[in-house]
Amino acid sequence: MTNIIDANGITIDSLEDLITKYSDTLRDIYGSDIVLDPESPDGLLVNFLAQVTRDVSEFAVKLYNAESINSAIGSLLDQKVAWFGLTRKPASYSYVNVNITTINNVNLVGMDSNTNPPPNIYTVQDNAGNNYYLASSVSLAANTTTACSFRAENSGAVLVGAGTIMTPVSYNQYITIINNPNPQYIIGVEEESDTELKWRLKNSYYLPSQGFCESMKSALLNYDDIQDAFIIDNPTNTTDAYG
């Protein structure tokens, strides 16, 4: 077998075929009595050359397949779907309100200060080890308990139970108690996967058109918070009991 690209796609030599080719080449050069046992120096060289060639060939296969949307992954897939007016839906973050009790006036730095990473941003932690950053800088009065919004450090669906945030990562001598009386009020989502993006692409071929059920569905699916949609065409100009 040889490496070829034809109507059937791309075909590359197997590792076994490459070992045979390199072994035959060395025998042609040095004679049939050359020792090519796997543990011999020349045998190790043959296996090394065969593996390197195979790795390069597999990389070529990935590049070839990446030209197809069905086989493309990651950033290459992002480039392909952009031709159809689509972008990958980004990850979002979970948010939770945390009550902060003070014994003196306190100024806390939040994420709006563009100071990242901590310790400059006031940070707390739940009992699972997840960190949360103060979303916006605040000035807290003495002897008060104030609810402040915190964003999870990691994107995606970081879930936090009520009463589980009690550990300050950022020390402040004037803060006596921190606690979240409720779970998160916003649950983050993971970045759209390759599979999900390809599925949305299949439903988006009518996106440039106007006035059809398919184009309306495609447009709806392009919104971050919409996972699926079903459009009913009503040509009667009247509504039924469901509106």
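Further up the page is the structure itself.
Owing to the predicted nature of the structure, the values given are computational and were not obtained by experimental measurement.

## Focus: unusual backbone geometry
Okay, step 1: Its identity as a non-glycine residue notwithstanding, N143 has a phi of 60°, on the positive side.
Okay, step 2: Here N143 shows up in the loop between β7 (138–140) and β8 (145–152).

## As for helix α4 (residues 194–202)
Okay, step 1: Burial in α4 covers these residues: L197, K198, R200 and L201. Burial along α4 is one-sided: seen end-on, the buried residues are contained in an arc of 160°. Residues of α4 that are exposed and point more than 90 degrees away from the buried face comprise T195 and K202.

## Some words on the nonpolar core
Okay, step 1: Ranked by internal contacts, the top residues of the largest apolar core, which has 18 residues, are I100, L108, Y122, Y132 and F150.
Okay, step 2: Elements represented by at least two residues in this core include exactly β3 (95–102), β4 (106–108), β6 (131–134), β8 and β10 (175–179).
Okay, step 3: Listed in part, the 7 residues of the second largest apolar core include A72, L77, L86 and L201.

## Things to note about the packing of helix α1 (residues 15–30) against helix α2 (residues 41–66)
Okay, step 1: Packing of α1 against α2 brings their axes to within 9 Å, and their N-to-C directions diverge by 135°. Looking at the two axes, α1 sits oblique to α2. Read as a crossing pair, α1 and α2 show a hand that is right-handed. Residue-level inspection shows L15, L18, I19, Y22, S23 and L26 of α1 in contact with α2, the latter providing D42, V46, N47, L49, A50, Q51, T53 and R54.
Okay, step 2: Residues that form the contact of α1 with α2 fall into these classes: 8 nonpolar, 4 polar and 2 charged.

## What about the pairing of β8?
Okay, step 1: Pairing analysis gives 7 bridges linking β3 to β8, with the strands arranged antiparallel. Along β8, the bridge assignment pairs N97 with S149.
Okay, step 2: When β6 meets β8, the two strands line up antiparallel, connected through 3 bridges. Its bridge partner lying in β8, Y133 is registered against R151.

## A few points about the packing of aromatic side chains
The way to describe two aromatic rings as a pair is by their centre distance and the angle between their planes.
Okay, step 1: Under the criterion given, the structure shown has 2 aromatic pairs.
Okay, step 2: With 6.3 Å between their ring centres and 45° between their planes, Y95 and Y185 make a pair best called tilted. Taken together, the residues Y95 in strand β3 and Y185 in the loop between β10 and α4 connect sequence positions 90 residues apart.
Okay, step 3: Across from the ring centre of Y93, 3.6 Å away, lies the NZ or CZ of R151, which sits over that ring.

## A look at the packing of helix α3 (residues 74–82) against α4
Okay, step 1: Look at α3 against α4: their axes get within 11 Å of each other, and the N-to-C directions meet at 15°. Taken together, the axes of α3 and α4 are roughly parallel relative to one another. Seen from above, α3 lies across α4 with left-handed handedness. In contact with G74, L77, D78 and V81 of α3, α4 contributes D194, L197, K198 and L201.
Okay, step 2: Residues belonging to the contact of α3 with α4 are distributed by class as follows: 4 nonpolar, 1 polar and 3 charged.

## Topic: the side chain of S94
Okay, step 1: Residue placement: S94 occurs in the loop between α3 and β3.
Okay, step 2: A polar contact of 2.9 Å, which involves the side chain of S94, links it to the backbone oxygen of V158.
Okay, step 3: Aside from chain neighbours lying at most four places away, what touches S94 is F150, R151, A152, G156, A157, V158, I186, I187 and G188.

## A look at the environment of T146
Okay, step 1: Along the chain, T146 falls in strand β8.
Okay, step 2: When its relative accessible area of 26% is taken as the criterion, T146 is described as partly exposed.
Okay, step 3: Each residue touching T146, except ones within four places of it in the same chain, is listed here: V98, N99, I100 and L140.

Definitions and limits used
- Residues numbered from 1 in each chain as written.
- Predicted model: local features only at pLDDT ≥ 70, side-chain atom pairs only at ≥ 80, totals over all residues.
- Heavy atoms only, no water.
- Helix = DSSP H or I, 4+ residues; strand = E, 2+ residues; numbered from the N terminus.
- Buried < 20%, exposed > 50% of the residue type's maximum accessible area, 1.4 Å probe, protein only.
- Arc of directions from axis to C-beta.
- Core = buried A, V, L, I, M, F, W, Y, C linked by side-chain atoms within 4.5 Å.
- Axes fitted to C-alpha atoms, helices over the stretch in contact; angles between N-to-C directions.
- Parallel < 35°, antiparallel > 145°, perpendicular 65-115°, else oblique.
- Left-handed = near helix turned anticlockwise from the far one by under 90°.
- Contact = heavy atoms within 4.5 Å.
- Nonpolar A, V, L, I, M, F, W, Y, C, P; charged D, E, K, R; others polar.
- Pairing = 2+ DSSP bridges.
- Phe/Tyr/Trp six-rings, centres within 6.5 Å; stacked < 30°, edge-to-face > 60°.
- Lys NZ or Arg CZ within 6 Å of the ring centre and 35° of its normal.
- Polar contact = N/O pair within 3.5 Å; in protein donor to acceptor, adjacent residues only side chain to side chain.

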